[in-house]
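Here's the letter readout for the chains.
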Amino acid sequence: MSRVGLEGQVAVVTGAARGVGELLARKLSARGATVALVGLEEEALKEVSGRLHGDSAYWYADVTDHEAMSRVAREVKERFGKVDIVVANAGVANGGPFADSDPVAWRRVIEVNLIGSAVTARAFLPVLTESRGYLLQIASLAAITPAPMMTAYCASKAGVEAYAHSLRAEVGHQGVRVGVGYLSWTDTDMVRGADQDEVMRELRQRLPWPANKTYPLGPAVDRIVAGIERRSAHVYGQRWLRGMQGVRGYLPALIGTVGQREMKRFAPRLQGMRTGLVGAGGAADEEARATHRN
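Chemist: Got a minute to help me understand the overall build of the chain in this structure?
Modeler: The helix and strand inventory of the chain stands at eleven helices and seven strands. Computed over C-alpha atoms, the radius of gyration of the chain comes to 19 Å, within 12% of the 19 Å expected from 2.2 N^0.38 for 294 residues, which places it in the range of a compact globule. Seen through its principal axes, the chain has C-alpha atoms that stretch 60 × 50 × 30 Å. Look at the contacts in the chain between residues 6 or more apart in sequence, and 71% of them connect residues 24 or more apart. Carbon and sulfur atoms form 52% of the exposed surface of the chain, whose accessible area is close to 13,500 Å². Placing the 37 positive and 31 negative side-chain charges of the chain at their respective mean positions leaves the two points 8 Å apart.

Below is the structure:
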């Protein structure tokens, strides 16, 4: 597929304060795009915006808040005149056994990753329809294969993948393209936060190659940028993930068998595991919700 130049394009990136979203914003800006940053870390968003090459602005908003995201969509359109690209990247994660999980944190993973993505799309679809634009939904290897100790994250990413595929069929005739981006373990605050738990770190290291590695952020984001330029239906942050699509039907049974053995091995060490959201992004989400409650 031919590439669409990013010069003069207006791109919205959620979860833009750090990690994939922050680096993606920088790379889109370097290629000439105007970037609207959305997230919960206002000071960090301000700093990111200030370092970008071209025009940019930032909005503090919770992606699960329909009214807030609708306001952001209106204000981005008013500020920049249009929206060509939306990257629904905001996400959080937790880990640990489902039976012992914090129900609030478990539910929040679903709310941010799945509901928040749908809220983002609902808010921006009118302006994307006007521009015949592109929505890229960031999913994960977790959408392709289930994993023990990651029930909320896997459920949210599998759900968001299915939702985005469904949406593609609905809006394609209006000129709006929808893509799904897949990432394996990539060097972000979220992954580093999960690795702080010894059991989660060891379980991940015992995964079969190449799923047991942590991959550098830069090349993954470069591949996402290339996918945006091509308006791709599928974008793979690591090349080998494309091959996983052909075997995904066999993975639940395989993981079910191998996972039982691994969980039996680690069972004595599962008591007292941290069950809240992981990483700096998770902490920012918890802080924002606590502030809102007060």
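Chemist: Where do I start with the pairing of strand E6 (residues 177-182) in this structure?
Modeler: The two faces of a sheet get side chains in turn, since along a regular strand they alternate between them. Of all the six residues making up E6, five are buried; the element is thus mostly covered by neighbouring parts of the structure. Sheet topology places strand E5 (residues 134-138) next to E6; five bridges connect them, and they run parallel. The partner of Ile 138 across the bridge, within E6, is Gly 181. For the crossover from E5 across helix H5 (residues 151-171) to E6, the handedness is right-handed. Sheet topology places E6 next to strand E7 (residues 234-236); three bridges connect them, and they run parallel. By the bridge assignment, Val 180 is partnered in E7 with His 234.

Chemist: Teacher, can you tell me more about the packing of helix H4 (residues 103-131) against H5 here?
Modeler: Each pair of packed helices gets described by two things: the angle between the helix axes and the distance between those axes. For the pair H4 and H5, the least separation of the axes is 7 Å and the interaxial angle reads 15 degrees. Here H5 runs roughly parallel to H4, going by the angle between their axes. As H4 packs across H5, the resulting crossing turns out to be right-handed. Contacts between H4 and H5 pair Trp 106, Val 109, Ile 110, Asn 113, Leu 114, Ser 117, Ala 118, Ala 121 and Leu 125 from the former with Thr 151, Ala 152, Tyr 153, Ala 155, Ser 156, Lys 157, Gly 159, Val 160, Tyr 163, Leu 167 and Val 171 from the latter. Taken together, the residues that form the contact of H4 with H5 break down as 14 nonpolar, five polar and one charged.

Chemist: Just checking my understanding: could you explain the environment of Gly 21 for this structure?
Modeler: Along the chain, Gly 21 turns up in helix H1 (residues 19-30). Setting aside residues up to four positions removed in sequence, Gly 21 forms contacts with Val 13, Gly 15, Ala 16 and Asn 89.

Chemist: Mind showing me how you'd approach unusual backbone geometry here?
Modeler: In most cases, non-glycine residues show a negative phi, while peptide bonds are predominantly trans. Of note, the amide linkage connecting Trp 209 to Pro 210 takes the cis form, showing an omega dihedral of 5 degrees. Tracing the backbone shows Pro 210 in the loop between helix H7 (198-205) and helix H8 (217-230). In this structure, Arg 132 takes a positive phi of about 55 degrees despite not being glycine. Its location among the elements puts Arg 132 in the loop between H4 and E5. Arg 132 sits in the exposed class, given a relative accessible area of 56%. Positive phi values are uncommon outside glycine, yet Arg 231 reaches one of about 55 degrees. Tracing the backbone shows Arg 231 in the loop between H8 and E7.

Chemist: When you look at the pattern of salt bridges in this model, what are you seeing that I'm missing?
Modeler: Two side chains of opposite charge can pair, provided their charged atoms sit close to one another. One pass over the full model with this rule turns up 25 salt bridges. The partner of Glu 75 in a salt bridge is Arg 71, with the nearest N and O atoms 3.4 Å apart. Of the two residues, Glu 75 and Arg 71 both sit in helix H3 (residues 66-80), four residues apart, roughly one turn of that helix. We classify Arg 71 as partly exposed; its relative accessible area is 29%. When the shortest N-O distance is used, the salt bridge between Arg 206 and Glu 262 registers 2.5 Å. A residue pair is termed long-range when its members are at least 10 positions apart, and Arg 206 in the loop between H7 and H8 and Glu 262 in helix H10 (residues 251-266) qualify at 56 residues.

Calculation notes
- Residues numbered from 1 in each chain as written.
- Predicted model: local features only at pLDDT ≥ 70, side-chain atom pairs only at ≥ 80, totals over all residues.
- Heavy atoms only, no water.
- Helix = DSSP H or I, 4+ residues; strand = E, 2+ residues; numbered from the N terminus.
- Rg over C-alpha atoms; globule rule 2.2 N^0.38 Å.
- Contact = heavy atoms within 4.5 Å.
- Areas by Shrake-Rupley, 256 points an atom, 1.4 Å probe, with all protein chains shown as cover.
- Lys, Arg positive; Asp, Glu negative; His and termini not counted.
- Charge placed at Lys NZ, Arg CZ, Asp CG, Glu CD.
- Buried < 20%, exposed > 50% of the residue type's maximum accessible area, 1.4 Å probe, protein only.
- Pairing = 2+ DSSP bridges.
- Right-handed = clockwise from strand over helix to strand, strands pointing away.
- Axes fitted to C-alpha atoms, helices over the stretch in contact; angles between N-to-C directions.
- Parallel < 35°, antiparallel > 145°, perpendicular 65-115°, else oblique.
- Left-handed = near helix turned anticlockwise from the far one by under 90°.
- Nonpolar A, V, L, I, M, F, W, Y, C, P; charged D, E, K, R; others polar.
- Salt bridge = Lys/Arg side-chain N within 4 Å of Asp/Glu carboxyl O.

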